[in-house]
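# Examination of the molecular architecture
Each chain, letter by letter, is given below.
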Amino acid sequence: MEQKTIAPSSTGLTLKVENGKPPILQAPALQDIASARSWLVEHRDAIRIELLRHSHLLIRGLPVRRPDEFGELRNLLVTERAAYKEKATPRSDYGGDVYSSTDLPAMQPIQLHNENSYTLEFPGLLLFCCIEAPEQGGATTVADVRQVLSELPDDLVARFRKVGWLLTRNYHEHVGLPWATAFSTEKREEVEQYCNRNLIGCTWTDSSRLHTTQRRSAVVRHPLTQEEVWFNHAAFWSRWSLDEEVLDVLAMTYGDDGLPFDTSFGDGSPLGMEEVRVLNSAYASATRRETWQPGDIMLVDNILSAHGRESYRGDRKILVAMGEPVGLDTCTPTVAPTAHPFS
């Protein structure tokens, strides 16, 4: 595997860069959290510069062993915390806006995606921290979505630029998260008010089931670098990204229009199996992975980089914190957000 070490003159940091892996910044021998705080404060600006350059950055060798210690270091790297909105996966709350990265089963891989790409405001920065590394697998995969965009066919990108993408959700009690958990309320009127404020189509299919639609831009620009990126969940939540057996069971149980998640082009046209295969192939080509070690902290620019998770064996404790909220309107979307398909 090709490997090189670089010391960018602009920051003075020395990063280990290997093909297929996120860049790694090795911390010096630090005895405790106090010394880690001092080191991070000294290098914080340089770290953020390198993050913009690479889209993600793993810091190795920090003496962080508990969620509260991770929270302390998060506070040095993040100027403003960001909320987890319109929840889609289960997480454990450790307090202080520190969560488990996900509580989905160990054998279930998680495809690459940008966090909350379907909301009108999303975190600009994600921090992952390894408290306990799994026995096997379990890497938090990352991919520079500038590269993903560059590898997609021009005609497919042009179509997404023109019409965006559409997310359809059906909230069921036993698959995915129920609507009360996703919206953090048990009051239907509060869900409806949130949807109205956030340009989400909202209908109740019976006394307890919620159906939503939201059209969003598939391509945006980073508000600082002004680079165009592929920023969406179009492939992540497509029916064609599901295992065939899982899709068959969900369709049989809830009906073809009742899947927990599905995506299409923003004008409502179906997103086909081959188109989703092309999208997933571009993600796969850009994927980088590194085996977790306790004390690792990985910074992910949520607009420049997608992230995911490999399946794993053994106990795994990876924490996440979100920060630097960014409004979609500052990212030059190619289509305006709407609650329903728009041609």
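Right above here is the structure, for reference.
Presented here is a report on the structure given in the accompanying data block. (Residues numbered from 1 in each chain as written. Predicted model: local features only at pLDDT ≥ 70, side-chain atom pairs only at ≥ 80, totals over all residues. Heavy atoms only, no water.)

### Things to note about the pairing of strand β18 (residues 297-301)
- Among the 5 residues in β18, 5 count as buried, and that is most of the element.
- The two faces of β18 match: I297, L299 and D301 on one face and M298 and V300 on the other face are all buried.
- As judged from the 4 bridges shared by strand β4 (residues 56-60) and β18, these two strands associate in the antiparallel manner. Looking at the pairing, I59 lines up with I297 of β18.
- Across 5 bridges, strand β8 (residues 121-132) lies against β18 in antiparallel orientation. Residue pairing for β18: L126 is matched across the bridge by V300. (Buried < 20%, exposed > 50% of the residue type's maximum accessible area, 1.4 Å probe, protein only. Helix = DSSP H or I, 4+ residues; strand = E, 2+ residues; numbered from the N terminus. Pairing = 2+ DSSP bridges.)

### Looking at the sheet that holds strand β7 (residues 110-113)
- On the basis of which strands lie adjacent, the open sheet formed by 4 strands has the order β7-β19-β10-β17 and antiparallel pairing. Where the open sheet ends on each side, the last strands, each with one partner, are β7 and β17 (287-288).
- Here 3 bridges tie strand β10 (residues 142-144) to strand β19 (residues 305-309), and the two strands are oriented antiparallel to one another. Paired with A143 across the two strands is A306, which belongs to β19.

### With respect to the packing of helix α1 (residues 33-54) against helix α2 (residues 67-77)
- Orientation of α1 relative to α2, taken along the N-to-C sense of each, is 30°, at an axis distance of 9 Å. Considering only the axes of α1 and α2, their crossing is right-handed. Of α2, the residues touching α1 (which contributes I33, A36, R37, L40, V41, R44 and R48) are E69, E72, L73, L76 and L77.
- When grouped by side-chain class, the residues that make up the contact of α1 with α2 number 7 nonpolar, no polar and 5 charged. (Axes fitted to C-alpha atoms, helices over the stretch in contact; angles between N-to-C directions. Left-handed = near helix turned anticlockwise from the far one by under 90°. Contact = heavy atoms within 4.5 Å. Nonpolar A, V, L, I, M, F, W, Y, C, P; charged D, E, K, R; others polar.)

### Observations concerning the nonpolar core
- V148, L152, F160, W230, L279, Y283 and I303 are the most contacted members of the largest nonpolar core, which has 56 residues in total.
- In terms of residue count, the dominant contributor to this core is helix α8 (residues 273-286) (6 residues).
- Residues in contact with F160, not counting those within four places in the same chain, are W165, A218, W230, A234, F265, L271, L279 and T334.
- By size, the runner-up hydrophobic cluster in this structure holds 31 residues, among which are L51, L73, L127 and L319. (Core = buried A, V, L, I, M, F, W, Y, C linked by side-chain atoms within 4.5 Å.)

### Focus: the sheet that holds strand β16 (residues 261-265)
- As summarised here, the arrangement of the 4 strands in space is β12-β13-β11-β16, forming an open sheet in which the pairing is antiparallel. Each edge of the sheet is formed by a strand with only one pairing partner; in this case those strands are β12 (201-204) and β16. For this sheet, the mean inter-axis angle between neighbouring strands, taken without regard to orientation, is 15°.
- For strand β11 (residues 165-171) and strand β13 (residues 210-216), the ladder comprises 7 bridges, and the chain directions are antiparallel. Directly across from R169, in β13, lies its bridge partner T212.
- Helix-sheet contacts for helix α4 (residues 154-163) involve β11, β13 and β16, and the interaxial angle to β16 is about 100°.

### Comments concerning the pairing of strand β2 (residues 15-18)
- Pairing between β2 and strand β3 (residues 24-26): 2 bridges, direction antiparallel. Counted as the bridge partner of L15 is L25 from β3.
- Linking β2 back to β3 in an antiparallel pair, the connection comprises 5 residues, with G20 at a positive phi of about 80°.

### A closer look at unusual backbone geometry
- Positive phi is not limited to glycine here, since S55 has a value of about 80°.
- By secondary structure assignment, the location of S55 is in the loop between α1 and β4.
- With phi around 45°, E86 is a residue other than glycine that occupies positive phi space.
- Following the sequence through the fold, E86 ends up in the loop between α2 and β5 (93-95).
- Residue class for E86 comes out buried when judged on its relative accessible area of 3%.

### Quick look at the packing of aromatic side chains
- Taken as a whole, this structure holds 9 aromatic pairs when the rule is applied.
- For the ring pair W237 and F261, a centre distance of 4.3 Å and an interplane angle of 5° mean the geometry is stacked. Here the residue W237 occupies a position in the loop between β15 (228-230) and α7 (244-254), and F261 occupies one in strand β16, the gap between them amounting to 24 residues.
- Residue W237 is classed as buried on the basis of its relative accessible area of 9%.
- For F261, a relative accessible area of 16% corresponds to the buried category.
- By way of ring pairs, the aromatic residues Y118, F236, W237 and F261 are connected into one cluster.
- One cation-aromatic arrangement involves R188 over W204; the distance from NZ or CZ to the ring centre is 4.3 Å. (Phe/Tyr/Trp six-rings, centres within 6.5 Å; stacked < 30°, edge-to-face > 60°. Lys NZ or Arg CZ within 6 Å of the ring centre and 35° of its normal.)

### Topic: the side chain of D262
- Along the chain, the position of D262 falls in strand β16.
- Since its relative accessible area comes to 14%, D262 is described here as buried.
- In this structure the side chain of D262 is engaged in a polar contact, spanning 2.8 Å, whose partner is the side chain of R239. (Polar contact = N/O pair within 3.5 Å; in protein donor to acceptor, adjacent residues only side chain to side chain.)

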